[in-house]
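# Chains, contacts and geometry: an overview
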Amino acid sequence: MSASVSSSGSAAVSISGNRFVIVGGASLVGSATAAELLDHGASEVVLFDISPSARKPPSPI
């Protein structure tokens, strides 16, 4: 995975073709982030969460 740094000092990571792990993936923000990553070409998104709702199978995105 390559990252470029903008003049403001923030790193921009290419999404397309890369793999991502989202900690807190069962939350609204986590699941929405996963959907956005997949919509933008991520090859794999893994959701990790220890909340009780995370024990249920995820609904398809």
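To be clear, the structure that these remarks concern was listed above.
Residues numbered from 1 in each chain as written. Predicted model: local features only at pLDDT ≥ 70, side-chain atom pairs only at ≥ 80, totals over all residues. Heavy atoms only, no water.

### Some words on helix H1 (residues 28-39)
With 12 residues, H1 extends 16 Å between its outermost C-alpha atoms, agreeing within 8% with the 16 Å of an ideal straight helix rising 1.5 Å per residue. Of the residues making up H1, those classed as buried are Gly30, Ala34, Ala35 and Leu37. Around the axis of H1, the buried residues are gathered within 165° of arc, so they sit on the same side. The exposed residues of H1 that point more than 90 degrees off its buried face are Leu28, Val29 and Asp39. Those residues of H1 that are buried lie in contact with strand S3 (19-23) and strand S4 (44-48). Just beyond H1, the residue with positive phi is Gly41, at close to 95°. (Helix = DSSP H or I, 4+ residues; strand = E, 2+ residues; numbered from the N terminus. Expected span 1.5 Å × (residues − 1). Buried < 20%, exposed > 50% of the residue type's maximum accessible area, 1.4 Å probe, protein only. Arc of directions from axis to C-beta. Contact = heavy atoms within 4.5 Å.)

### Brief notes about the pattern of salt bridges
For the structure shown, the criterion picks out one salt bridge. Between Arg19 and Glu44 there is a salt bridge, with the nearest N and O atoms lying 2.9 Å from each other. Here the residue Arg19 occupies a position in strand S3, and Glu44 occupies one in strand S4, the gap between them amounting to 25 residues. Accessibility expressed as a relative area gives 59% for Arg19, which makes it exposed. (Salt bridge = Lys/Arg side-chain N within 4 Å of Asp/Glu carboxyl O.)

### Notes on the environment of Ser51
Relative to the helices and strands, Ser51 is located in the segment after S4. Residue classification places Ser51 among the partly exposed residues on the basis of a relative accessible area of 23%. For the pair Ser51 and Gly25, spaced 26 residues apart in the sequence, the C-alpha separation amounts to 9.6 Å.

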